[in-house]
Amino acid sequence: MSSVDVELNTPQAEAVAHVNGPLLVFAGAGSGKTRVITYRVANLIAREGVAPYRILAVTFTNKAAGEMKHRLEGLAGADVVRDLWVGTFHATCARLLRRHGEAIGLQRNFLIYDTQDQKAVVTRALRELDLDERRYPPRSVLYQIHKEKQEGRGPDEMTAESYVDDAVIKVFRRYEAHMREANAVDFEDLIGHMVRLLERETEGDAIRRRFTHVLVDEFQDTNAMQYRLVRALVRDHQNVCVVGDDDQSIYRWRGADVRNIRYFRRDFPGATVVKLEQNYRSTGHIVRGALGVIAPSPHREPKELWTENEDGPPIEVLGCADERDEAAFVTRRILDAREQGTSLGEMAVFYRVHAQSRVLEEALRAANLPYQIVGGTKFYERAEVKDALAYLRLLINPRSDVDMLRIINTPARGIGTTTIDRLVAFAGSRSESLNDALECIDEARDIAAAAQKRLGGLRNLLAELRARTATDSPSDVLLETLERTGYREALRADNTAEADARLENLAELVGTIRDYETEAIAAGEKPTLEGFLERVSLQADIDAMRDEPRVTLMTVHGAKGLEFQHVFLTGMEEDMFPYKSMEDRGDEDMEEERRLAYVAITRARRHLLITHTSARQIFGKTRWGAPSRFIANLPREGVVHKQTRGAKSTPQRFIDRPDRDLQPMPWSRRTSGLAPASSGGGPARPAPSAPPGQRYVDREFFQDDHGGGESAAPIRRGSRVHHQRFGEGEVRSVVNAGEPAVIAFFPGWGEKKVLARFLRPA
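Quick caveat, the model's predicted, so the values are computed rather than measured.

**Digging into the overall build of the protein chain**
And then number 1: Across its full length, the protein chain holds 29 helices and 26 strands.
And then number 2: For the protein chain, with 762 residues in total, the buried portion stands at 52%.
And then number 3: Across the protein chain, every contact between residues at least 6 apart in sequence was considered, and the portion connecting residues at least 24 apart equals 72%.

This is the structure we're talking about:
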């Protein structure tokens, strides 16, 4: 393999040449980890004469397993690779359990239940135990069962610290009994059953003898049971190679334990340690920026990431006024990069939480840029958003059977499939909509009295909410709907990370409607539910052509293992990234946020733009932000700090607050500094006095300027104008909406009709 040796640096060659005994490879970002793994396997076969079927290589994703096989085929040939054991933890354990599972009572034809199947089993157990599903949501109970299994505990080992835990233990026992009766396993069982099998002397010896060399990729992502599985597999020969990077351990929320890689030498005292520290992916400035962010972590394995690549362009840190200003600038940069010859497929926009994608999506659509969301769903296609919109559509169009069928039992209100089928048949027999059928539900003889009562309750609730549409703002109607239907309460009771994300998306939907209300008022129109829903329905899906390159939008968690020529890391503010405040998080949570920032930075090959905003409207609220602490860790050299024009002209204004009910006074941007301006031509009001120490953000400072006045320059086509919310834009045409108005293009917002009195010359 002399030709292979030439392609490896010294630490890589050392890891490849190692044969027997435990080996720990710390593989820094972009350090050629996959090359080392594949060459190591090829070396064992070609030089050391190890039979391919004696080698087990474990990965975390099918994609990684496929890439490993593909590379090995190029090195060792397809015939050799066919005999290798390469696969994910779960796939490998399933394959072994098919052969050896009968020793622990598992028949060869066992079923693997997916998440929906598992939830159905939990639901059945809850009903058998007469436990209220609203008090003990099946998804939440299943999450706790999974958590216990990941730690190797069954219902008898689980500790009960509350009445909720007592209930979960009872459900856990029923769940396990039903799984055994069905000859079924869940994903945690695949690992757990395999560990129990390996820890039996007779059956375990047979499996251990099968593999003389075990290799584990992404070892920093293993949980307690996966680590226990690895130790059991190599108990007799200790020929284990684990490859990973504690700096990239970012999945603690799903059971990953970074201590497994940090304490590997404690469990395998004779382990050889190799550190891959040369980065081949990124420019010098990006590598040094990433090292600056991760270096303060107190418990990390010391590694000095470096590169021989050129320094490249500096990292840019950009301060923006708000999320719209941020999205507009990112969009302009994407357009510029495309004009300079970079494919859209080589550009990625990262954010910390999915809800941030909404404004970015709107900006990309306004610029007619195709995009894809990886690891998530487009904002308006998310289940909770579609559910909320279905309720709103039903309020303005009661005859929409599609929407009625979507929400009739969402959230669960005891209206089962049989009842729904009978309601549909009843409505069909009368040639009526489902809503009309609800009006005379007591005449439906096939529907039981209890079900009629529940359907009648839904009918009355929808009627009450419908009445609110005539008096309340669209955003208030949505808030009332989410509360009165119990939708938000059901998600709160679920108490899972997924439910929290759904709640955030619903709050973001409220923010979307408030954006629409602001735009409608600026255009001299009355905000209505009909207007908002029409706007949503006309959101063109510009990426219908699936083959064309598209900008990638994704959370940083979803970016692990990927790389791009241009990376736009958005929302780098305190409470956004790191997510939530320091007071709400433990030290390990904060260190994981630091590792997440490191992962984000190291996805960039050549261009990295980091953005932060002074104000961000998200989850239906406005947050006033400071730059992320991680920005302060970037080195001074190779980093350029800038501000958009909007950020420079949008200072935050704090004044003392004398009384909670006092209306804040308006401020004019035309004055030098922040002197109070007159409202409606009257004299300026003096600043109110206040007790010392009481401060608040003067939100009125950010509201629309109703000025115009005699000094305002005439507005015509091509004029540059400024709107307090939309920022700077260009007038496309002048129109009349009962008073002078324009159609203007605002980056990040698209074309908007705005009354002239809401604008001033830019």
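**Digging into the side chain of E384**
And then number 1: With respect to the element layout, E384 can be found in helix α18 (residues 383-396).
And then number 2: Of note is the side chain of E384, whose polar atom sits 2.8 Å from the side chain of N505.

**Things to note about the sheet that holds strand β19 (residues 639-643)**
And then number 1: Spatially, seven strands are ordered β11-β12-β10-β13-β16-β9-β19 in an open sheet, and the strand pairing comes out parallel. Among the strands making up the open sheet, the edge pair consists of β11 (371-374) and β19. Averaged over all pairs of adjacent strands, the angle between their axes in this sheet comes to 20°, without regard to strand direction.
And then number 2: Pairing of strand β10 (residues 347-351) with strand β12 (residues 551-555) involves four bridges; the strand directions are parallel. Paired with A348 across the strands is T552, a residue of β12.

**Focus on helix α10 (residues 187-198)**
One turn of the α-helix equals 3.6 residues, which is why residues spaced by three or four share an orientation.
And then number 1: Helix length check: α10, at twelve residues, gives a terminal C-alpha distance of 17 Å against a target of 16 Å (1.5 Å per residue), a fit within 8%.
And then number 2: Within α10, ten of the twelve residues are buried, which leaves it mostly tucked inside the rest of the structure.
And then number 3: Among the residues of α10, the N-terminal cap falls to D186, whose side-chain oxygen and the backbone nitrogen of E188 are separated by 3.1 Å.

**Some details on the environment of Y53**
And then number 1: With respect to the element layout, Y53 can be found in the loop between α3 (33-46) and β2 (55-59).
And then number 2: Put simply, Y53 and F211 are 158 residues apart on the chain and 7.5 Å apart in space, counted from C-alpha to C-alpha.
And then number 3: Each residue touching Y53, except ones within four places of it in the same chain, is listed here: D83, W85, R210 and F211.

**Remarks on the sheet that holds strand β7 (residues 240-244)**
And then number 1: With respect to topology, six strands assemble into an open sheet ordered β3-β2-β6-β7-β1-β8, the strand pairing being parallel. Two strands close off the open sheet at either side, each with one partner strand: β3 (85-88) and β8 (272-276). This sheet shows a mean twist of 15° between the axes of neighbouring strands, independent of strand direction.
And then number 2: Here strand β6 (residues 213-216) pairs with β7 via three bridges, running parallel. Paired with V216 across the two strands is V242, which belongs to β7.
And then number 3: Helix α4 (residues 62-76) rests against β2 and β3 of the sheet, and its axis sits at about 155° to β3.

**Focus: α4**
And then number 1: The end-to-end C-alpha distance of α4, which contains 15 residues, comes to 20 Å, matching closely the 21 Å that a straight helix rising 1.5 Å per residue would cover.
And then number 2: Along α4, the residues that are buried comprise A65, M68 and L72. For α4, the buried positions fall inside an angular range of 60° around the axis, keeping them on one side. Among the exposed residues of α4, those oriented more than 90 degrees off its buried face are K63, H70 and G74.
And then number 3: Residues of α4 that are buried sit in contact with α3, β2, α5 (78-83) and β3.
And then number 4: Just past α4, the residue G77 takes up positive phi, approximately 100°.

**Thoughts on empty space enclosed by the protein**
And then number 1: Counted by the stated rule, this structure contains three cavities of 30 Å³ or more.
And then number 2: Approximately 80 Å³ is the volume found for the largest cavity.
And then number 3: Of all the secondary-structure elements, those providing two or more residues to the lining of the largest cavity are α16 (323-339), α17 (357-366) and β17 (615-618).
And then number 4: The class makeup of the residues in the lining of the largest cavity is five nonpolar, three polar and five charged.

**Quick word on the nonpolar core**
And then number 1: Counting 48 residues, the largest nonpolar core has L389, L392, L423 and L509 as the members making the most contacts within it.
And then number 2: In contact with L509, other than residues within four places in its own chain, are F379, Y380, V385, A388, L389, L478 and F532.
And then number 3: Judged by nonpolar contacts, the second largest core, of 38 residues, contains L24, F110, V240 and F264.

**Considerations on the pairing of strand β23 (residues 727-736)**
And then number 1: For strand β22 (residues 720-723) and β23, the ladder comprises four bridges, and the chain directions are antiparallel. Its bridge partner lying in β23, H723 is registered against G727.
And then number 2: If you look at the hairpin formed by β22 and β23, you'll find three residues sitting between the two strands.

**Here's the deal with the packing of aromatic side chains**
Here a ring pair, both rings aromatic, is described through the centre-centre distance and the interplanar angle of the planes.
And then number 1: One pass over the structure, following the stated rule, counts eleven aromatic pairs.
And then number 2: Measuring from centroid to centroid gives 5.2 Å for F379 and Y380, while their planes differ by 85°, and the two rings are edge-to-face.
And then number 3: You can call F379 buried: its relative accessible area is 0%.
And then number 4: The exposure class of Y380 is buried, given its relative accessible area of 15%.
And then number 5: Put simply, the rings of F219, Y227, F264 and F268 pair up and form one aromatic cluster.
And then number 6: Sitting over the face of the ring of Y227, R231 holds its NZ or CZ atom 5.7 Å from the ring centroid.
And then number 7: In this structure, R254 is placed above the aromatic ring of Y251, and the distance from its NZ or CZ to the ring centre is 3.8 Å.

**Comments concerning unusual backbone geometry**
And then number 1: The linkage connecting T410 with the following residue, P411, adopts the cis geometry, with an omega of 0°.
And then number 2: Mapping P411 onto the fold places it in the loop between α19 (401-407) and α20 (417-429).
And then number 3: Note that the residue after F577, namely P578, is joined by a cis bond; omega there is 10°.
And then number 4: Following the sequence through the fold, P578 ends up in the loop between β14 (575-576) and β15 (579-580).
And then number 5: The phi dihedral of E218 is positive, around 50°, even though this residue is not glycine.
And then number 6: Examined against the element boundaries, E218 turns out to sit in the loop between β6 and α12 (224-233).
And then number 7: Residues other than glycine seldom take positive phi values, yet S431 does so here, at roughly 55°.
And then number 8: Within the secondary structure, S431 sits in the loop between α20 and α21 (434-439).

**Some thoughts on the packing of helix α7 (residues 115-128) against helix α8 (residues 138-150)**
And then number 1: Close contact between α7 and α8 brings their axes to 9 Å; oriented N to C, the two are set at 105°. Classed by the angle they form, the pair α7 and α8 counts as roughly perpendicular. For the pair α7 and α8, the contacting residues are T115, Q118, K119, V122, T123 and L126 in the first and P138, R139, V141, L142, I145 and H146 in the second.

**Thoughts on the packing of helix α15 (residues 284-294) against helix α27 (residues 587-601)**
And then number 1: One can describe the packing of α15 onto α27 by two numbers: an axis separation of 9 Å at closest approach and a directional angle of 175°. Relative to α27, the element α15 is oriented roughly antiparallel. Judged by residue contacts, I286, G289, A290, V293 and I294 of α15 engage R594, R595, A597, Y598 and I601 from α27.

**Considering the pattern of salt bridges**
And then number 1: Here the structure, examined in full by the defined rule, presents 72 salt bridges.
And then number 2: Taking the shortest distance from any N to any O, the salt bridge between R134 and D132 comes out at 3.5 Å.
And then number 3: What makes D132 partly exposed here is its relative accessible area of 36%.
And then number 4: For K149, the salt bridge is made with E176, and the minimal N-O distance between the two is 2.9 Å. Note that K149 is positioned in helix α8 and E176 in helix α9 (residues 163-181), a separation of 27 residues in sequence.
And then number 5: Linked by salt bridges that have partners in common, D245, D246, D247, R262, R300 and K303 make up one network.

Conventions used here
- Residues numbered from 1 in each chain as written.
- Predicted model: local features only at pLDDT ≥ 70, side-chain atom pairs only at ≥ 80, totals over all residues.
- Heavy atoms only, no water.
- Helix = DSSP H or I, 4+ residues; strand = E, 2+ residues; numbered from the N terminus.
- Buried < 20%, exposed > 50% of the residue type's maximum accessible area, 1.4 Å probe, protein only.
- Contact = heavy atoms within 4.5 Å.
- Polar contact = N/O pair within 3.5 Å; in protein donor to acceptor, adjacent residues only side chain to side chain.
- Pairing = 2+ DSSP bridges.
- Axes fitted to C-alpha atoms, helices over the stretch in contact; angles between N-to-C directions.
- Expected span 1.5 Å × (residues − 1).
- Arc of directions from axis to C-beta.
- 1 Å grid on protein atoms, 1.4 Å probe; cavity = no way out; pocket = protein on both sides within 12 Å on 5 of 7 lines; lining within 4 Å.
- Points joined across faces, edges and corners; volume = space filled by probe spheres on them.
- Nonpolar A, V, L, I, M, F, W, Y, C, P; charged D, E, K, R; others polar.
- Core = buried A, V, L, I, M, F, W, Y, C linked by side-chain atoms within 4.5 Å.
- Phe/Tyr/Trp six-rings, centres within 6.5 Å; stacked < 30°, edge-to-face > 60°.
- Lys NZ or Arg CZ within 6 Å of the ring centre and 35° of its normal.
- Parallel < 35°, antiparallel > 145°, perpendicular 65-115°, else oblique.
- Salt bridge = Lys/Arg side-chain N within 4 Å of Asp/Glu carboxyl O.

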